[in-house]
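Listed here are the chains, written in short residue letters.
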Amino acid sequence: MLEFSVKTSDIKNILSKVTRCGGNLKEKAITEFSFVLVENGILSITTTDSTNFLTVSCEIDCDEDIYFVVKTDRFSKLIAKIA
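Residues numbered from 1 in each chain as written. Predicted model: local features only at pLDDT ≥ 70, side-chain atom pairs only at ≥ 80, totals over all residues. Heavy atoms only, no water.

Student: Would you mind showing me how to read the sheet that holds strand β1 (residues 33-39) here?
Tutor: Hydrogen bonds between backbone groups are what pair the strands of a sheet, and the pairing can be parallel or antiparallel. Taken in spatial order, the 4 strands line up as β3-β2-β1-β4 in an open sheet, and their pairing is antiparallel. One side of each edge strand has no neighbouring strand; the edge strands of this open sheet are β3 (53-59) and β4 (66-71). The average undirected angle you get between the axes of adjacent strands in this sheet is 20°. Sheet topology places β1 next to β4; 6 bridges connect them, and they run antiparallel. Within the sheet, the bridge partner assigned to Phe 35 lies in β4 and is Val 69. The sheet strands contacting helix α2 (residues 72-80) are β1, β2 (42-48) and β4, and the helix crosses β4 at an angle near 100°. (Pairing = 2+ DSSP bridges. Helix = DSSP H or I, 4+ residues; strand = E, 2+ residues; numbered from the N terminus. Axes fitted to C-alpha atoms, helices over the stretch in contact; angles between N-to-C directions. Contact = heavy atoms within 4.5 Å.)

Student: Would you mind going over the nonpolar core with me for this structure?
Tutor: Soluble globular proteins: nonpolar side chains tend toward being buried together. Ile 11, Ile 14, Leu 43, Ile 45 and Phe 75 are the most contacted members of the largest nonpolar core, which has 16 residues in total. Within the residue set of this core, elements represented by two or more residues are α1 (8-21), β1, β2, β3, β4 and α2. Looking at this core element by element, the count peaks at 4 residues for α1. If we ignore the near neighbours within four places in the chain, the residues touching Ile 14 are Leu 43, Ile 45, Val 56, Ser 57 and Cys 58. (Core = buried A, V, L, I, M, F, W, Y, C linked by side-chain atoms within 4.5 Å. Buried < 20%, exposed > 50% of the residue type's maximum accessible area, 1.4 Å probe, protein only.)

Student: Even after reading the chapter, I still don't get the packing of aromatic side chains, so can you show me in this structure?
Tutor: Aromatic ring pairs are described here by two measures, namely the spacing of the ring centres and the angle between the planes. In total, this model carries 1 aromatic pair according to the counting rule given. Taking 6.3 Å as the distance between ring centres and 40° as the angle between the ring planes, the aromatic pair formed by Phe 35 and Tyr 67 counts as tilted. Of this pair, Phe 35 sits in strand β1 while Tyr 67 sits in strand β4, placing them 32 residues apart in sequence. Look at Phe 35 and you get partly exposed, because its relative accessible area is 34%. (Phe/Tyr/Trp six-rings, centres within 6.5 Å; stacked < 30°, edge-to-face > 60°.)

Student: How should the pattern of salt bridges be read in this particular structure?
Tutor: When the charged atoms of two side chains with opposite charge come close together, those side chains can pair. Enumeration over the complete set of coordinates arrives at 2 salt bridges. In this structure, Glu 32 and Lys 71 form a salt bridge, with 3.2 Å as the shortest nitrogen-oxygen distance. Remark: Lys 71 occurs in strand β4 and Glu 32 occurs in the loop between α1 and β1; sequence separation between them is 39 residues. You can call Glu 32 buried: its relative accessible area is 18%. A residue is classified by how much of its surface remains accessible, and Lys 71, at 31% relative accessible area, is partly exposed. (Salt bridge = Lys/Arg side-chain N within 4 Å of Asp/Glu carboxyl O.)

Student: Would you explain the environment of Thr 48 in this entry?
Tutor: Locating Thr 48 in the fold gives a position in strand β2. With a relative accessible area of 3%, Thr 48 lands in the buried category. In sequence terms Thr 48 and Thr 19 are 29 residues apart; their C-alpha atoms lie 9.7 Å from each other. Of note is the side chain of Thr 48, whose polar atom sits 2.9 Å from the backbone nitrogen of Ser 50. A polar contact is formed between the side chain of Thr 48 and the backbone oxygen of Asn 52, at a distance of 2.8 Å. (Polar contact = N/O pair within 3.5 Å; in protein donor to acceptor, adjacent residues only side chain to side chain.)

Given below as structure tokens:
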């Protein structure tokens, strides 16, 4: 199983920016999701409002490359519950 660690404050900071950009437009499903990429020790989260794209990044401790897609709103709510 692939895993990585990131400071809670860093991920909350990234998600606060990402959630403001995403459109959450029901007629454009892509706006509900974010692409998470960990590559070469950099965590990047990308989202769109269907016109513009926003990528926010930070350095993390990870030796492997990982990528996945999450629902932005749910992911943000989950991270917000972490102390």
